[in-house]
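Coordinates in review
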Amino acid sequence: MNPIEIYTDGACKGNPGPGGWGVLLKHGATEKELFGGEPSTTNNRMEMMAVIQALTALKKPCDVTLYLDSQYVLKGITEWIPGWKAKGWRTASKQPVKNVDLWQQLDSLVQESGHRIDWRWVRGHNGDPGNERADALANQGVERALGR
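With that settled, consider the pairing of strand β4 (residues 62–68). Of all 7 residues that make up β4, 6 are buried, and the element is covered over most of its length. Note that strand β1 (residues 2–12) and β4 share 7 bridges and pair parallel. Residue pairing across strands places P3 opposite D63, the latter belonging to β4. Pairing analysis gives 6 bridges linking β4 to strand β5 (residues 116–121), with the strands arranged parallel. Paired with L68 across the bridge in β5 is W121.

Given below as structure tokens:
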């Protein structure tokens, strides 16, 4: 399987408010950048959308190292999702899981894509070049959502 590094980030101006997502995909010396946004959303939704868009962009199964600065997405996909699914997409306090539409989409991508994914948390806004680029792309997504 092709090795690929992915950096993802989300941004929101107000929470909720206009938001954007950014993705940097790296395969050897080749890089691809993706970004987009929505006029009214939340930061967590944009963090999730970045990962969804990144994995959707891969056309065949890959050996993925995925860097993200969102503990919400990291813990959701690596720890919380089995319990949510077992409880019919409800939390431990029996409340509906927030952002269930995106969690189901992400879960499906992870389960059915054939990718091997190594999830790695990085501290945001701390000088990591890949994370800084994904952040800049997410902010471009906000600008697009604002029509600029």
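Once you've had a look at it, read on.
Taking 1.5 Å per residue, 15 residues should reach 21 Å; helix α1 (residues 43–57) reaches 21 Å between its end C-alpha atoms and fits that length. Every buried residue of α1 is listed here: M46, E47, M48, M49, A50, V51, I52, A54 and L55.

Take the pattern of salt bridges next. Pairing is possible between side chains that carry opposite charge, provided their charged atoms lie close to one another. What the rule picks out here adds up to 7 salt bridges. In this structure, R133 engages E33 in a salt bridge whose closest nitrogen and oxygen atoms are separated by 2.7 Å. Separated by 100 residues along the polypeptide, R133 in helix α4 (residues 129–145) and E33 in strand β3 (residues 30–41) bring together distant segments of the chain.

A cis amide bond links N15 with the next residue in sequence, P16, at an omega value of 15 degrees. Inspection of the secondary structure assignment puts P16 in the loop between β1 and β2 (17–27). A positive phi angle, close to 65 degrees, is found at N99, a residue other than glycine. Residue placement: N99 occurs in the loop between α2 (71–86) and α3 (100–112). One non-glycine residue with positive phi stands out, namely H125, at about 55 degrees. Summarising the element assignment, H125 is placed in the loop between β5 and α4. The exposure class assigned to H125 is exposed, which follows from its relative accessible area of 59%.

Rules behind the numbers
Residues numbered from 1 in each chain as written. Predicted model: local features only at pLDDT ≥ 70, side-chain atom pairs only at ≥ 80, totals over all residues. Heavy atoms only, no water. Buried < 20%, exposed > 50% of the residue type's maximum accessible area, 1.4 Å probe, protein only. Helix = DSSP H or I, 4+ residues; strand = E, 2+ residues; numbered from the N terminus. Pairing = 2+ DSSP bridges. Expected span 1.5 Å × (residues − 1). Salt bridge = Lys/Arg side-chain N within 4 Å of Asp/Glu carboxyl O.

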